[in-house]
Amino acid sequence: MTYETTRRTVLLATGATTAAALVAACGGGGDDSGSASTASPTGQDTTGGPAGQVLASIDEIPVGGGKIFKDEEVVVTQPEQGRFKAFSAICTHQRCTVGSVSDGTINCPCHGSKFKIADGAVTHGPATRPLPAEQITVEGNSIRLA
């Protein structure tokens, strides 16, 4: 029995091969480290970053402000003296890296979204979702990703 190759057969085979390649490329071998969310005693969630890495000394984070760590995609804030918070530095609007921390907000330069330094909540859109919290620990004078 002879089968004739049709355009539909070729397109289906090509699509299946492409889909399989994309799934294999995105699979990553099943290691979910850094993507699981765990709560800290303060209720902050972690969504990634190298665990235990020292980000800064407490003196580097101004009271009422913060500092952006672009390589780690984290912003650390100090809303009140001695109280440190950390959030994703990736804007929830269109995934731009936030650009500054001033006047009590974390600011995205792409479209003007602003987030509260105390809890990551949106204070000015177009973003509609808060910045996800990141887990940090303060040990002595050091602030570390947890």
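One can find the structure itself at the top, above this paragraph.
Rules behind the numbers
- One numbering rule holds for all chains: residues counted from 1, following each sequence as written.
- Given that this is a predicted model, residues contribute local features only at a pLDDT of at least 70 and side-chain atom pairs are listed and counted only at 80 or more, while totals for whole chains, interfaces and linings are drawn from all residues.
- As a convention, hydrogens and water are excluded, and side-chain values are obtained from all of the structure's heavy atoms.
- For the purposes of this entry, the term helix denotes a DSSP run of H or I that reaches at least four residues, the term strand denotes a run of E that reaches at least two, and both are numbered from the N terminus.
- The buried label goes to any residue with under 20% of its type's maximum accessible area, the exposed label to any with over 50%, and the partly exposed label to all in between, with areas taken from a 1.4 Å probe on protein chains only.
- Values of accessible area rely on a 1.4 Å probe in the Shrake-Rupley scheme; residue burial ignores everything except the protein chains shown.
- To qualify as a nonpolar core, a set must consist of buried Ala, Val, Leu, Ile, Met, Phe, Trp, Tyr and Cys residues joined through side-chain atoms within 4.5 Å.
- Any two residues whose heavy atoms approach within 4.5 Å at even a single point are treated as in contact.
- The disulfide definition used here is simple: a pair of cysteine sulfur atoms within 2.5 Å.
- The pairing criterion is simple: DSSP has to find at least two bridges between the two strands.
- Axis geometry follows a simple rule: fit a line to the C-alpha atoms, using only the stretch in contact for helices, then measure angles between N-to-C directions, giving values from 0 to 180 degrees.

(A) Geometry of the overall build of the protein chain. Tallying secondary structure elements over the protein chain gives one helix and 10 strands in all. Relative to its 146 residues, the protein chain shows a buried fraction of 30%. For the protein chain, the exposed surface amounts to about 8800 Å²; the carbon and sulfur share of it is 53%.

(B) Examining the nonpolar core more closely. Among the nonpolar cores identified, the biggest contains 13 residues, and Ile106 and Phe115 are the most heavily contacted of them. Ignoring anything within four residues of it in the chain, the contact list for isoleucine 106 reads Val75, Thr77, Phe87, Val98, Ser100, Val101, Ser113, Lys114, Phe115, Lys116, Ile117 and Leu131. The next biggest cluster of nonpolar side chains, apart from the first, holds 11 residues, and it includes Leu55, Ile61, Phe84 and Ile136.

(C) Summary view of the environment of isoleucine 68. Within the secondary structure, isoleucine 68 is located in strand 2 (residues 65–69). Filtering out sequence-adjacent residues up to four positions away, isoleucine 68 remains in contact with Val74, Val75, Ala89, Val98, Gly99, Ser100 and Val101.

(D) Local environment of the environment of glutamine 81. By secondary structure assignment, the location of glutamine 81 is in the loop between strand 3 (74–80) and strand 4 (83–88). A C-alpha to C-alpha distance of 8.1 Å links glutamine 81 and glycine 64, two positions 17 residues apart in sequence.

(E) Broad picture of the state of the cysteines. Scanning the model with the defined rule gives one disulfide in all. The disulfide bridge from cysteine 96 ends at cysteine 110, spanning 2.1 Å between sulfur atoms. When the S-S torsion is -110 degrees, as for the bridge of cysteine 96 with cysteine 110, the disulfide is left-handed. With cysteine 96 in the loop between strand 4 and strand 5 (100–102) and cysteine 110 in the loop between strand 6 (105–107) and strand 7 (114–116), the pair connects residues that are 14 residues apart, well separated along the chain. Assessed through its relative accessible area of 17%, cysteine 96 is described here as buried. The partly exposed category is assigned to cysteine 110, whose relative accessible area is 37%. Cysteine cysteine 91 shares no disulfide, and the gap to the nearest cysteine sulfur, in cysteine 108, comes to 3.9 Å. By relative accessible area, which is 2% here, cysteine 91 ends up buried. By relative accessible area, cysteine 108 is classed as buried at 6%.

(F) The sheet that holds strand 2, seen in detail. The strand order 2-3-4 describes an open sheet built from three strands, whose pairing is antiparallel. Of all the strands in the sheet, the pair left with one neighbour each is strand 2 and strand 4. The sheet shows a mean angle of 20 degrees between the axes of neighbouring strands, direction not considered.

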